[in-house]
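# Summary of structural features
Here's the letter readout for the chains.
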2 protein chains.
Amino acid sequence: MSSMAPGRTPTMRDVAAHAAVSPMTVSRTLRGDPRVSPEMRARVLASVEELRYRRNDLARGLRTGRSSGLLGLVVTNLSNPFYSELALGVEGLASANGMRVVIGNTGGDLDRERQLVDDMASRRVDGIIVVPAGNDHTHLDPAGLHGLPVVLATRPPTGLEVDSVVVDDFGGSRRATAALVERGHRRIGFLGLGRSLWTGAERLRGHCAALEESGLPIEDALLRSVPPDAGAAEAVALELLGAADPPTALFAANNRNTVGAYRAIAETGSPAALAGFDDIPLADLFAAPVSVVTYDTGELGRRAAELLLERIADEDSAAHPRLVTIGTTLKDYRPLRPG
Amino acid sequence: MSSMAPGRTPTMRDVAAHAAVSPMTVSRTLRGDPRVSPEMRARVLASVEELRYRRNDLARGLRTGRSSGLLGLVVTNLSNPFYSELALGVEGLASANGMRVVIGNTGGDLDRERQLVDDMASRRVDGIIVVPAGNDHTHLDPAGLHGLPVVLATRPPTGLEVDSVVVDDFGGSRRATAALVERGHRRIGFLGLGRSLWTGAERLRGHCAALEESGLPIEDALLRSVPPDAGAAEAVALELLGAADPPTALFAANNRNTVGAYRAIAETGSPAALAGFDDIPLADLFAAPVSVVTYDTGELGRRAAELLLERIADEDSAAHPRLVTIGTTLKDYRPLRPG
């Protein structure tokens, strides 16, 4: 049990320290989250009582129906199943807390992102989760949005202090490349993303780390950036496979690149192995094997919503920004055979 | 050139009649749509001038930036690529007209649909496009939404008069089943949707019409309704294929059912042919062939947005509700082979 300066209004963090639990547990308890055990719940509520903790207006509004009941979610590309799964995760948690979600799609356009955030902020949403289109995050600073809570998803914030949830891009890439090396591959073509994107940089870094850790050289000719255009990944993969000394495996840094590489391999009849970051729906129905780095996209959305609800409920907005990382696993798809 | 009662304020329909063009052409001209030829544009603007037609406040707001700039879109299931493509179509047209879109997902829940429509209506959207979750559309009547324009997508309205855009569910199903019959199939298992859904009823009707037109009997045992649960379609397909006298082909009434049927066929090594309603992304990478009824989902979204923008811009709200039908084509996916 920690001490508290006398006279100061207690915060959710004070309650957490008093009950010797995490602020998240306090938040969950006050939201009636079923994951909190009855024993833990009693402990938290005893501390709430003892410290005479009262949640702020917004938080009370949340429970009594005076809040707007609406969260905003801004993503870059709804046609990518990654983002629709993320949206369902956000929605699931919002729904469990009696709230709804409205979703905006930027198509990767920064101006549209600014407008959508402004549209939502000016329409009484309680908070916003944003998958940022670029590296300029200044318009996402709660300070410029009348204190509206903001959480970033898939990328950490640049130049502002807000909570964020990211995928373990580095670790997932390192593991996928290490698996290819273990299978005997020494020259692996890398179909990367834009170099200025955090996600792209982390996935490239993981790939290179695995090569280094295996004592393999990093060949610039095998490291390619693929523009986000239809057909670009296939073209780059065809180039790599058509070289005089082609790589024996390809590692693609996202699902669009993986599908392009898959097409190039299928069309040329290349024996190259294929691995890629991001899961691909129905890949178990494909004619040839592919290994993918998967992660729980719904969980990513749920964690982002959880951080956001905590910020909405917690008046202690000076709490340090949190960075939550979602782990990855490597999954091998093998063609479905009659059983 | 039609006559007009003297003294009455001219409407967009009067302009259309005067210029001998459709109201849609007038609307497009006033929105600056590039599809209107310069000649047609001059003709419409001459009529606008002659009749001293002035668009209403909302319409003027649209052009001068005083409108909210935001359209609402409510869909049933964002994790189905069908709805994300529809959303991109709505967005494309909205964006070309300087507007943004916020999207809500109901998960097929009628209460959530009511709440999301209310959330959007109370937050100054200019109009709403809804894919209704059920057959109760009373809460979608503009009369109960302060006159807010509403357009339904994928289903016609029940008990209210609003514009709608639907897919040719009947014609697409009829064509797919007819193609299976042409390939020699006489007994076709049908994996249908809920019987109370308009879409499900129309697709079943098309299937039965094709059988009748081919002089084939309609066997109740081959007509199945599949609940919208994961794995349900596969289970129903396994039942059909495991019968003493199994069908030689399956026709699935939506993409989820098609994938379930595909799995059942692959697992059992059944020689049954497979066709399904709705396209399936990446089906060309599948190991076995599948035929699908496709349609331009983006166009469905664009047409819905177009109808909505016309209602927003046109004060003549008494105009009859319009029903736009999007055509279908049958597409055969064959496994990709090394070229």
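Residues numbered from 1 in each chain as written. Chains lettered and ligands numbered in written order. Predicted model: local features only at pLDDT ≥ 70, side-chain atom pairs only at ≥ 80, totals over all residues. Heavy atoms only, no water.

In the annotation of an unreviewed UniProt entry, chain A is listed under the name LacI family transcriptional regulator and assigned to Pseudonocardia cypriaca.

Let us now look at the overall build of chain A. A count of helical and extended segments in chain A gives 11 helices and 12 strands. Put simply, chain A has 339 residues, and 57% of those count as buried. In chain A, the proportion of contacts linking residues at least 24 apart, taken out of those at least 6 apart, comes to 66%. Surface summary for chain A: the accessible area is close to 14,100 Å², and the carbon and sulfur share equals 52%. (Helix = DSSP H or I, 4+ residues; strand = E, 2+ residues; numbered from the N terminus. Buried < 20%, exposed > 50% of the residue type's maximum accessible area, 1.4 Å probe, protein only. Contact = heavy atoms within 4.5 Å. Areas by Shrake-Rupley, 256 points an atom, 1.4 Å probe, with all protein chains shown as cover.)

Residues and elements named next belong to chain A. In the structure shown here, the tally under the stated rule is 42 salt bridges over all chains. For Glu 239, the salt bridge is made with Arg 224, and the minimal N-O distance between the two is 2.8 Å. Here the residue Glu 239 occupies a position in helix α9 (residues 232-241), and Arg 224 occupies one in strand β7 (residues 223-225), the gap between them amounting to 15 residues. Judged by relative accessible area, which is 23%, Arg 224 ranks as partly exposed. (Salt bridge = Lys/Arg side-chain N within 4 Å of Asp/Glu carboxyl O.)

All names here are of chain A. Strand order in the open sheet made by the six strands is β7-β6-β8-β9-β10-β12, with mixed pairing throughout. Lying at the two open borders of the sheet, with one neighbouring strand each, are β7 and β12 (329-333). Here the strands of the sheet are splayed against their neighbours by 20° on average, with no regard to which way each runs. Pairing analysis gives four bridges linking strand β6 (residues 188-192) to strand β8 (residues 249-252), with the strands arranged parallel. By the bridge assignment, Phe 190 is partnered in β8 with Phe 251. Together, β6, β8, β9 (273-277), β10 (290-294) and β12 form the strand contacts of helix α7 (residues 169-182), whose direction differs from that of β8 by roughly 170°. (Pairing = 2+ DSSP bridges. Axes fitted to C-alpha atoms, helices over the stretch in contact; angles between N-to-C directions.)

Moving on to the packing of aromatic side chains. Residue and element names in this part refer to chain A. Summed over the entire model, instances satisfying the criterion amount to 10 aromatic pairs over all chains. Relative to Tyr 83, the ring of Phe 82 has its centre 4.7 Å away and its plane inclined at 85°; by these criteria the two rings are edge-to-face. Each of the two residues, Phe 82 as well as Tyr 83, counts as buried. (Phe/Tyr/Trp six-rings, centres within 6.5 Å; stacked < 30°, edge-to-face > 60°.)

On to the interface of chain B and chain A, then. At the junction of the two partners, chain B supplies 41 residues and chain A supplies 41 residues. Here chain B meets chain A over a buried area of about 3,600 Å², counting both sides, of which 57% is carbon and sulfur. Broken down residue by residue, the surface that chain B buries against chain A is led by Arg 100, Arg 123 and Leu 285 of chain B, which jointly contribute 19%. In this assembly, chain B and chain A are joined by six salt bridges. (Buried area = accessible area lost by both parts, 1.4 Å probe.)

Residues and elements named next belong to chain B. Direction vectors running N to C along helix α7 (residues 169-182) and helix α8 (residues 198-213) enclose 40°, while the axes themselves pass 7 Å from each other. As α7 runs across α8, the sense of the crossing is right-handed. Residues Asp 169, Phe 170, Ser 173, Arg 174, Thr 177, Ala 178 and Val 181 of α7 pack against Trp 198, Thr 199, Glu 202, Arg 203, Arg 205, Gly 206, His 207, Ala 209, Ala 210, Leu 211 and Glu 213 of α8. When grouped by side-chain class, the residues that make up the contact of α7 with α8 number seven nonpolar, five polar and six charged. (Left-handed = near helix turned anticlockwise from the far one by under 90°. Nonpolar A, V, L, I, M, F, W, Y, C, P; charged D, E, K, R; others polar.)

Turning next to the pairing of strand β2 (residues 100-105) of chain B. Residues and elements named next belong to chain B. Burial analysis of β2 places six of its six residues in the buried class, the great majority of the element. Here β2 shows no split at all, with Arg 100, Val 102 and Gly 104 on one side and Val 101, Ile 103 and Asn 105 on the other all buried. Where strand β1 (residues 70-75) lies against β2, six bridges are found, and the strand directions are parallel. Note on β2: the bridge partner recorded for Val 74 is Gly 104. Following the backbone out of β1, through helix α5 (residues 81-96) and into the adjacent parallel β2, one traces a crossover that is right-handed. (Right-handed = clockwise from strand over helix to strand, strands pointing away.)

For the rest of this paragraph, the subject is the relation of the copies chain B and chain A. Expressed as a screw operation, the relation of chain B to chain A combines 0.0 Å of axial shift with a rotation of 180°, fitting to an RMSD of 0.1 Å. On this basis, the relationship between the two copies can be described by a two-fold rotation axis. Both copies present the same face, since 100% of the interface residues in chain B are matched by interface residues at the equivalent positions in chain A. (Least-squares fit on C-alpha atoms with pLDDT ≥ 70 in both.)

Turning our attention to the sheet that holds strand β6 (residues 188-192) of chain B. Residues and elements named next belong to chain B. The strand order across the open sheet built from six strands is β7-β6-β8-β9-β10-β12, with neighbouring strands paired in mixed fashion. Only two strands of the sheet have a single partner each, and these edge strands are β7 (223-225) and β12 (329-333). Ignoring strand direction, the axes of neighbouring strands in this sheet form an average angle of 20°. In this sheet, strand β10 (residues 290-294) lies alongside strand β9 (residues 273-277) in parallel orientation, the contact comprising three bridges. By the bridge assignment for β10, Phe 277 is matched with Val 293. Packed onto the sheet, helix α9 (residues 232-241) meets β6, β7 and β8 (249-252) and runs at close to 160° relative to β6. Where helix α10 (residues 255-268) meets the sheet, it contacts β6, β8, β9 and β10, and its direction lies at approximately 165° from that of β9.

Quick look at the nonpolar core now. In terms of nonpolar packing, the biggest core is built from 94 residues, with Leu 73, Ile 129 and Phe 251 of chain A together with Leu 73, Ile 129 and Phe 251 of chain B touching the most fellow members. Aside from chain neighbours lying at most four places away, what touches Ile 129 of chain A is Gly 72, Leu 73, Val 74, Val 90, Val 151, Ala 153, Ala 304, Ala 305 and Leu 308 of chain A. Counting 52 residues, the second largest nonpolar core, distinct from the first, contains Ala 237 and Ala 266 of chain A together with Leu 274 and Tyr 333 of chain B. (Core = buried A, V, L, I, M, F, W, Y, C linked by side-chain atoms within 4.5 Å.)

What follows concerns the packing of α9 of chain A against helix α10 (residues 255-268) of chain A. Residues and elements named next belong to chain A. At a minimum axis distance of 7 Å, the contact between α9 and α10 shows a crossing angle of 50°. Considered as vectors, α9 and α10 are oriented oblique to each other. The handedness of the crossing between α9 and α10 is right-handed. Facing α9, whose interface residues are Ala 233, Glu 234, Ala 237, Leu 238 and Leu 241, α10 presents Arg 256, Asn 257, Gly 260, Ala 261, Arg 263, Ala 264, Ile 265, Glu 267 and Thr 268. Within the contact of α9 with α10, the residues separate by chemical class into seven nonpolar, three polar and four charged. (Parallel < 35°, antiparallel > 145°, perpendicular 65-115°, else oblique.)

Residue and element names in this part refer to chain B. Between its first and last C-alpha atoms helix α3 (residues 38-50) spans 18 Å; for 13 residues at 1.5 Å apiece the expected length is 18 Å, and the two agree. Of all the positions in α3, only Val 44, Ser 47 and Val 48 are classed as buried. Projection of α3 onto a plane perpendicular to its axis shows the buried side chains occupying an angular sector of 105°, all on one side. Facing away from the buried side of α3 by more than 90 degrees, the exposed set consists of Pro 38, Glu 39, Glu 49 and Glu 50. Trailing α3 by a residue or two, Arg 52 shows a phi angle of about 55°, which is positive. (Expected span 1.5 Å × (residues − 1). Arc of directions from axis to C-beta.)

What follows deals with the confidence of the model for chain A. Taken over all residues, the pLDDT of chain A has a mean of 88, while the share at 70 or more is 90%. Here residues 56-66 of chain A scores under 50 on pLDDT; set against residues more than four positions off or in separate chains, the count is 18 contacts. (pLDDT = per-residue confidence, 0-100.)

So, on to unusual backbone geometry. Despite not being glycine, Thr 154 of chain A has its phi angle at roughly 75°, a positive value. Relative to the assigned elements, Thr 154 of chain A resides in the loop between β4 (150-153) and β5 (163-167). Judged by its relative accessible area of 8%, Thr 154 of chain A falls in the buried class. Backbone geometry at His 146 of chain B places phi at a positive 55°, although glycine is not the residue there. Secondary-structure assignment places His 146 of chain B in the loop between β3 (127-130) and β4 (150-153).

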